[in-house]
Amino acid sequence: MKVKVIIPASGSGERFGGKTPKQFLKIDGKEIIAHTLEKFNSISLIDEIIISTQLEYFVKLSTIIKKYNLKKVKKITEGGKLRQDSVYNALINLECDRDDLILVHDAVRPFISNKKIIELVKAAGKEKCVILGLPVNETIKRVDKNNIVTETLDRNNVWAIQTPQAFQYSILLNAFEKAMSENFIGTDEAAIVENAGIDVKVMEGEKRNIKITVKGDVRL
Ligand code: CTP
Ligand code: MG
């Protein structure tokens, strides 16, 4: 069984703003995507990494890969309009066996720990589909279009979901093909697998594993 990682890095960072997509901005002198890739590259359980990004960033990304000697990055594929398209394009460009594990991780979550990645891989080896999340502390309410509360959810069974998410290759590929044929759109890979009727297990993630979304997130 091999473990392969898909890094979607084809977003334009609308909420973050600025010209350069946030994954290519530097924190402590190093591109955010380089921080992220170094984590996965350094874990011996991981065999291969594939990244989806915009064509215009292929050269910049290749330079980063060389500079930080990220030997496990084997391919760069073109991203798509939606995150889902970016992940799918990477997925169909991977050569895998049925039982291989695929991890999908946002380029803009550089703070995940190696320990947590290894825990996830081990859990997914047994459970097949495992994702990370945190139990929600705040009270969660549903509102209507006028912001009037329509429902207070039971927060005891509500989790805020993160990446990496891990899946057995054949399950993920079949679920993606089903989603694409039905025009089903999921905001994470788990939603695509759930749509195929497969159980997905949630494991406790890490508070530090934030997704850099707006300018203030970089201060961390
Ligand atoms: N992503 C991608 N392809 C897309 C959209 C997003 O590969 N068409 C990637 C982003 O590069 C990022 C991850 O998915 O690594 C999470 O997305 P998000 O934080 O939403 O980033 P952006 O889409 O770039 O930001 P925004 O939604 O504010 O535009
Ligand atoms: Mg986005």
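Here the structure is shown first, and the text comes after it.
Residues numbered from 1 in each chain as written. Chains lettered and ligands numbered in written order. Predicted model: local features only at pLDDT ≥ 70, side-chain atom pairs only at ≥ 80, totals over all residues. Heavy atoms only, no water.

1. Topic: a nonpolar patch on the surface
Convention followed: Patches here are clusters of residues that have more than 30% relative accessible area and form no salt bridge, with a 9 Å joining cutoff for like charges and a 5 Å cutoff for nonpolar side chains (Val, Leu, Ile, Met, Phe, Trp, Tyr). Each accessible area is a Shrake-Rupley result for a 1.4 Å probe, and residues are judged covered by the shown protein chains and nothing else. A pairing counts as a salt bridge when a side-chain nitrogen of Lys or Arg comes within 4 Å of a carboxyl oxygen of Asp or Glu. Runs of E in the DSSP output that reach at least two residues are strands. Runs of H or I that reach at least four are helices, and both are numbered from the N terminus.
Taken together, the side chains of Trp 159, Ile 161 and Val 202 define a hydrophobic patch exposed on the protein surface, amounting to about 220 Å² of accessible area. With respect to the secondary-structure elements, Val 202 resides in strand 11 (residues 201-204).

2. Concerning the site of ligand 1
The criterion, for reference: Whether a residue is near a molecule or strand is decided by its heavy atoms; if any one of them lies within 4 Å of it, the residue is near. Think of a polar contact as two N or O atoms within 3.5 Å of one another; within protein, one of them needs to be a possible hydrogen donor and the other a possible acceptor, and neighboring residues in sequence only count if both atoms come from side chains. Any residue that is not Ala, Val, Leu, Ile, Met, Phe, Trp, Tyr, Cys, Pro, Asp, Glu, Lys or Arg is counted as polar, Gly included; the first ten are nonpolar and the last four charged.
In the region of ligand 1, 19 residues are neighbours, and Ser 10, Gly 13, Glu 14, Ser 86 and Lys 211 sit closest. Lys 211 is positioned with one of its side-chain polar atoms (N or O) 2.7 Å from an oxygen atom of ligand 1. If ligand 1 stood free it would expose 570 Å²; the protein chains cover 88% of that surface. Tallied by class, residues from the shell around ligand 1 come to 5 nonpolar, 7 polar and 7 charged.

3. Looking at the side chain of Glu 48
Here is the rule: Contacts are assigned to residue pairs that have any heavy atoms within 4.5 Å of one another.
If you trace the backbone, Glu 48 turns up in strand 4 (residues 48-53). Among the polar contacts made by the side chain of Glu 48, one reaches the side chain of Lys 4 at a distance of 3.4 Å. Ignoring sequence-local partners within four residues, the contact set of Glu 48 consists of Val 3, Lys 4, Val 5, Lys 72, Lys 74 and Leu 94.

Remember, this is a structural readout, not a statement about activity or role.
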